[in-house]
2 protein chains.
Amino acid sequence: VMLRVTPGIKPSTHSFIATGQVDSKFGFAAEDVPRAIERIDRLELAGLHAHIGSQIFDLAPFEKLGEILAAMGDYPLLNLGGGLGIAYTAEDDPPSIETYVESLLRGAPDDVTVLCEPGRSLVGNAGVTVYTVGTVKEIPGVRTYVAVDGGMSDNLRPMLYGARYEAEVADRFGGDTLCTVAGKHCESGDILIRDVMLADPGPGDVLVVPATGAYGHAMASNYNALPRPPVIFCSGGDARVVVRRETFDDLTRRDV
Amino acid sequence: VMLRVTPGIKPSTHSFIATGQVDSKFGFAAEDVPRAIERIDRLELAGLHAHIGSQIFDLAPFEKLGEILAAMGDYPLLNLGGGLGIAYTAEDDPPSIETYVESLLRGAPDDVTVLCEPGRSLVGNAGVTVYTVGTVKEIPGVRTYVAVDGGMSDNLRPMLYGARYEAEVADRFGGDTLCTVAGKHCESGDILIRDVMLADPGPGDVLVVPATGAYGHAMASNYNALPRPPVIFCSGGDARVVVRRETFDDLTRRDV
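Model, not experiment: these values are computed from the prediction.

S.K.: Please explain the packing of helix α2 (residues 60–70) of chain A against helix α3 (residues 97–107) of chain A as it appears in this structure.
M.R.: The geometry of a pair of packed helices is captured by two quantities: the angle between their axes and the separation between those axes. Residues and elements named next belong to chain A. Remark: α2 packs on α3, axes separated minimally by 6 Å, with the N-to-C direction vectors making an angle of 30°. By crossing handedness, the relation of α2 to α3 is classed as right-handed. Note on element contacts: α3 touches α2 through Tyr 100, Ser 103, Leu 104, Arg 106 and Gly 107, opposite Phe 62, Glu 63, Gly 66 and Glu 67. When its residues are assigned to classes, the contact of α2 with α3 shows 3 nonpolar, 3 polar and 3 charged.

Next comes the structure, spelled out in structure tokens:
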């Protein structure tokens, strides 16, 4: 086993996904680690584990992490968790995976094996959500709502963290119509993107939202009894379904 | 059919669940109603529909609603939507269903049939979520985390709207240990209740959270591949499963 510890580091990210600070539900504080190790009993302690947070662009905390964990004891394995941010929009400029790995290794002693958990940075940019536009509601002088056939049930991040995404009409990239992309759920908070420029979107248009490969499918719900969309892998012009579209029969399968 | 209109009323509630204001993805604005009615074509227009928001305690907006809709045209049916708030905590003092209905009827003309959609106020207080305590993490001088076997996957409202709930240890109501009830999901935002007094909770204790009958099961997800809990109806000492517990087989059923 490995022991999850709280390194006492608070990275620069949304408070919901900062996990390394002292006031955290996760991990043992440094002073409790010896007592926790005593109670591991017949299991073998392979090393220490920490995770300071998610969607992090400033690598400085990662450099300290190996040092802090190494100071807690001499173990062959240190798991420094995940957290490398990705580009959700063109303005985002995350560090490369190579720079991230260098930062992780800088603080750790030479003779330990360093593990990391780069989930979002591996799959986030691999995902593109494909919506169909249902209606366009123009409120003169106020806002133009572009309503799509999904929303907070397939991507909760805008509502939960104020996360920012981009979008394009699939066959007409670029555009100069200022739009707000709204989901189909029964609440005003179900807004996928506020203020994005689109090419005069209309009913039936296909809208693509990039960078939805992480925490979209994983956090999906059946809110308003919406069946969840399929997941399709595409490569070199080929496509195959890896998670099939949910059906209404699926939705009632657990009803007794 | 009925026509959803935007009455231009903004009730006092969380902005995510206020839906009657002019800047809304929902409904036709008053000035667009005649044009929308023209295009209804071969369908029969039975009346108008509005919904101003949810979890509302101040009934004044409901009194105006019937008037505003009646001014848009002479129809036999007015659906004034839902929105009556419920008590999530002992401090909440919502109006009674009777007072709410009186407010709805006050503004509507005598000769129309008034419909309403009192979802939350019917089922919200009927639900109690039952958790088991996993661990208790006391951080001296900071906070005591009580971790349960659920969280934002079965109740998203605390994270999404800052909604406040209460809790009790099932067999020891009352108590003087200041606790924060944390979910089991992989983010710091997964906190069900901040600062609630519990009776010295420990691993294995059963924790009950009342008022989870609305928007709990309905918004549930499989975040962190957690199977969703069952729904059980109880009455007069009898209990029966109405939605069975989700299994790991269910979770992979759509994988191709």
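So much for the structure itself; the text now carries on.
S.K.: Just to check I follow, could you spell out the interface of chain A and chain B for this structure?
M.R.: Many analyses report the size of an interface as the accessible area lost when the parts associate. Across the contact, 53 residues belong to chain A and 54 residues belong to chain B. Of the roughly 4200 Å² buried at the junction of chain A and chain B (both faces included), carbon and sulfur atoms supply 51%. Taken together, chain A and chain B are joined by 30 residue pairs in polar contact (both at pLDDT 80 or more). Every element with two or more residues in the side of chain A that touches chain B is listed here: β6 (128–139), β7 (143–148), α5 (157–161) and β13 (238–243) of chain A.

S.K.: Whenever I open this one, the state of the cysteines confuses me. Can you help?
M.R.: Each disulfide consists of one covalent bond between the sulfur atoms belonging to two cysteines. Tallying each qualifying case throughout the model produces 0 disulfides over all chains. Sulfur of A:Cys116: no disulfide; nearest cysteine sulfur belongs to B:Cys186 and is 16 Å away.

S.K.: Before we go on, may I ask you to explain helix α2 (residues 60–70) of chain B in this structure?
M.R.: Because the α-helix completes a turn every 3.6 residues, residues three or four places apart line up on one side. All names here are of chain B. Of all the residues in α2, the buried ones are Pro 61, Phe 62, Leu 65, Gly 66 and Leu 69. For α2, the angular spread of the buried residues around the axis is 145°, confining them to a single face. Looking at α2, the residues exposed on the side facing more than 90 degrees away from the buried face are Lys 64 and Glu 67.

S.K.: Please explain the sheet that holds strand β9 (residues 177–182) of chain A as it appears in this structure.
M.R.: Adjacent strands of a sheet pair through backbone hydrogen bonds, lying either parallel or antiparallel. Residues and elements named next belong to chain A. Strand order across the open sheet formed by 6 strands is β8-β11-β6-β7-β9-β10, with mixed pairing between neighbours. The two strands at the open ends of the sheet, each matched to only one other strand, are β8 (168–169) and β10 (191–198). As paired strands, β6 and strand β11 (residues 206–210) are joined by 5 bridges and run antiparallel to one another. Looking at β11, one finds that Val 128 is bridged to Pro 210.

Cut-offs and rules
- Residues numbered from 1 in each chain as written.
- Chains lettered and ligands numbered in written order.
- Predicted model: local features only at pLDDT ≥ 70, side-chain atom pairs only at ≥ 80, totals over all residues.
- Heavy atoms only, no water.
- Axes fitted to C-alpha atoms, helices over the stretch in contact; angles between N-to-C directions.
- Helix = DSSP H or I, 4+ residues; strand = E, 2+ residues; numbered from the N terminus.
- Left-handed = near helix turned anticlockwise from the far one by under 90°.
- Contact = heavy atoms within 4.5 Å.
- Nonpolar A, V, L, I, M, F, W, Y, C, P; charged D, E, K, R; others polar.
- Buried area = accessible area lost by both parts, 1.4 Å probe.
- Polar contact = N/O pair within 3.5 Å; in protein donor to acceptor, adjacent residues only side chain to side chain.
- Disulfide = S-S within 2.5 Å.
- Buried < 20%, exposed > 50% of the residue type's maximum accessible area, 1.4 Å probe, protein only.
- Arc of directions from axis to C-beta.
- Pairing = 2+ DSSP bridges.

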